[in-house]
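Listed here are the chains, written in short residue letters.
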Amino acid sequence: MSRIRAFVAGLPAGRLMTVLAAAIVAVAVAAPLAIGAGEGSSVRGGERNPTGGSTREFSGETELIARNSTFGTRQSNKGTGGGAIYGCRAANAGKSCIEASNLSNGQAFGFRFRGPVGGTITTNATGQAAAEAKPFTTNATGVATGLNADRVDGKDAQQIVDEAAARTKIATVTAQGGLQNQRGFTAAGRESEGRYLLTADGDISKCVPSVTAYGTADAPGANATVELADATHLRVFVRSGGDTPAAADRQVAVTVNC
């Protein structure tokens, strides 16, 4: 320090002013460069860090490294607000706003909640982009416990299949009026030549019936029609083919879609 004073005292007045001016300029230029990006500044509670606008924002990663058996950092809000907000401006093919990467063989994330809903995934896209937005993707092929794609609206695949089958009634009626291979019908009978009556196990008044007549080598080309007799009964009519069609006994297959 004494050497600096001696050096300054020995300078002529003009030279001294030049040295001082150069020092002031150096400090004015070096200070913003040293703290312009915010690196090295202290983190202040209850404030935005760093302050001073975009020229003071961090230009590199702020790393918090720990070595323990619990957690590296902890964020907690004892009020009624949330715990943390993470925002970014990542491009479509860029980094995600949050990444949890477990370099060992344990879990990468875990969520716990007490309310009726664990969380939401909401898209801010609009138009066609919103229609095509995916809540998430995965390359894992295992079945997620409690999030099984086999269940829709609380029903598993077999229940859905069974309900769909229950809405479709089928039956085969022999030429003599016998009921075979049935599902959803309780009885069938021959009323007269080429005329049959089927009884369903429930209301079919709003269903769509269809019928097909079986042909044989001796009696080919039969045609069949069906009509709703009442809410639980179908009537089937069978006529032979050829130039002079007439009522004919034939085996028929009946389907009712509800």
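Structure: above.
Note that the structure is a prediction, hence the values are computed from the model and not measured. In this numbering scheme, every chain counts its residues from 1 along its sequence in written order. Reporting in this predicted model follows two pLDDT cut-offs: at least 70 for local features of residues, and 80 or more for side-chain atom pairs to be given and counted; totals over whole chains, interfaces and linings ignore these cut-offs and use all residues. Values shown for side chains rest on all heavy atoms present in the structure; no hydrogens or waters enter the calculation.

A. Region of the structure containing the overall build of the protein. Where helices and strands are cited, they refer to DSSP runs of H or I of at least four residues and of E of at least two residues respectively, numbered from the N terminus. Within the protein, the regular secondary structure consists of 4 helices and 10 strands. Taken from N to C terminus, the helices and strands of the protein fall in the order α-α-α-β-β-α-β-β-β-β-β-β-β-β. In this scheme, a residue with accessible area under 20% of its type's maximum is buried, one over 50% is exposed, and one in between is partly exposed, where area comes from a 1.4 Å probe on protein chains only. Sorting the 258 residues of the protein into buried and exposed places 13% on the buried side. When contacts within the protein are restricted to residue pairs at least 6 apart in sequence, those whose partners lie at least 24 apart make up 41%. For this analysis, residues touch if any pair of their heavy atoms sits within 4.5 Å.

B. Molecular detail of the sheet that holds strand β3 (residues 168-173). Here 4 strands make up an open sheet; going across it, the order is β4-β3-β10-β7 and the pairing antiparallel. Of all strands in the sheet, those bounded by a partner on one side alone are β4 (179-183) and β7 (208-213). Across this sheet, the average inter-strand angle for adjacent strands is 10 degrees, counted without regard to direction. Here β3 pairs with strand β10 (residues 252-257) via 6 bridges, running antiparallel. When DSSP finds at least two bridges between two strands, those strands are taken to pair. Only the stretch in contact is used when fitting a helix axis, every axis being a line fitted to C-alpha atoms; angles between N-to-C directions are given from 0 to 180 degrees.

C. Region of the structure containing the state of the cysteines. The definition used for a disulfide is geometric: two cysteine sulfur atoms within 2.5 Å. Considering all chains together, one arrives at 2 disulfides under this definition. The disulfide partner of C207 is C258, and the gap between their sulfur atoms is 1.9 Å. Disulfide C207-C258: the torsion about the S-S bond is 110 degrees, which places it as right-handed. Residue C207 is found in the loop between β6 (195-200) and β7, and its partner C258 is found in the segment after β10; the two are separated by 51 residues along the sequence. Judged by relative accessible area, C207 falls into the buried class, the value being 14%.

D. Quick peek at the sheet that holds strand β9 (residues 233-239). Taken together, the 4 strands give an open sheet; going across it, the order is β5-β6-β9-β8, and neighbouring strands pair in antiparallel fashion. Edge positions in the sheet fall to β5 (185-192) and β8 (223-230), since each of these pairs with one other strand and no more. With strand direction ignored, the average angle separating the axes of adjacent strands in the sheet is 20 degrees.

E. Broad picture of the side chain of K169. Among the structural elements, K169 can be located in strand β3. Under the rule applied, a polar contact is a pair of N or O atoms within 3.5 Å (in protein, one hydrogen donor and one hydrogen acceptor; residues adjacent in sequence only if both atoms are side-chain atoms). At 2.5 Å, the side chain of K169 forms a polar contact with the side chain of D201. In this view, K169 contacts R183, G184, F185, A200, D201, I204, V254, T255 and V256; residues no more than four positions away in its chain are not counted.

F. Fine view of the pairing of β4. Strand direction decides the pairing type here: β3 and β4, joined by 3 bridges, are antiparallel. Residue pairing across strands places V173 opposite L179, the latter belonging to β4. Counting the residues between successive antiparallel strands, the hairpin from β3 to β4 contains 5 residues, one of them, G177, with a positive phi of roughly 100 degrees.

G. Fine view of unusual backbone geometry. A cis amide bond, omega -10 degrees, links N49 with the succeeding residue P50. With respect to the element layout, P50 can be found in the loop between α2 (13-35) and α3 (127-132). Of note in the backbone geometry, N181 takes a positive phi value of approximately 45 degrees without being a glycine. Here N181 shows up in strand β4.

H. Seen up close, the nonpolar core. To define a nonpolar core, start from buried Ala, Val, Leu, Ile, Met, Phe, Trp, Tyr and Cys residues and group those joined through side-chain atoms within 4.5 Å. One finds F185, L198, V236, V252 and V254 to be the most contacted residues of the largest nonpolar core, which totals 18 residues. When residues of this core are traced back to their parent elements, those giving at least two are β3, β6, β7, β9 and β10. Leave out the neighbours within four places in its chain, and V254 touches K169, I170, A171, F185, L198, S210, V211, L234 and V236.

I. Just the packing of aromatic side chains, in detail. The criterion for an aromatic pair is that two Phe, Tyr or Trp rings (for Trp, the six-membered ring) have centres within 6.5 Å, with stacked assigned to planes under 30 degrees apart, edge-to-face to planes over 60 apart and tilted to the rest. Inspection of the entire model under this criterion finds 1 aromatic pair. Geometrically, the ring pair formed by F109 and F111 is tilted, given 5.4 Å between the ring centres and 45 degrees between the ring planes. Exposure class is identical for F109 and F111. Each is exposed.

Honestly, it's all geometry; don't read function into it.
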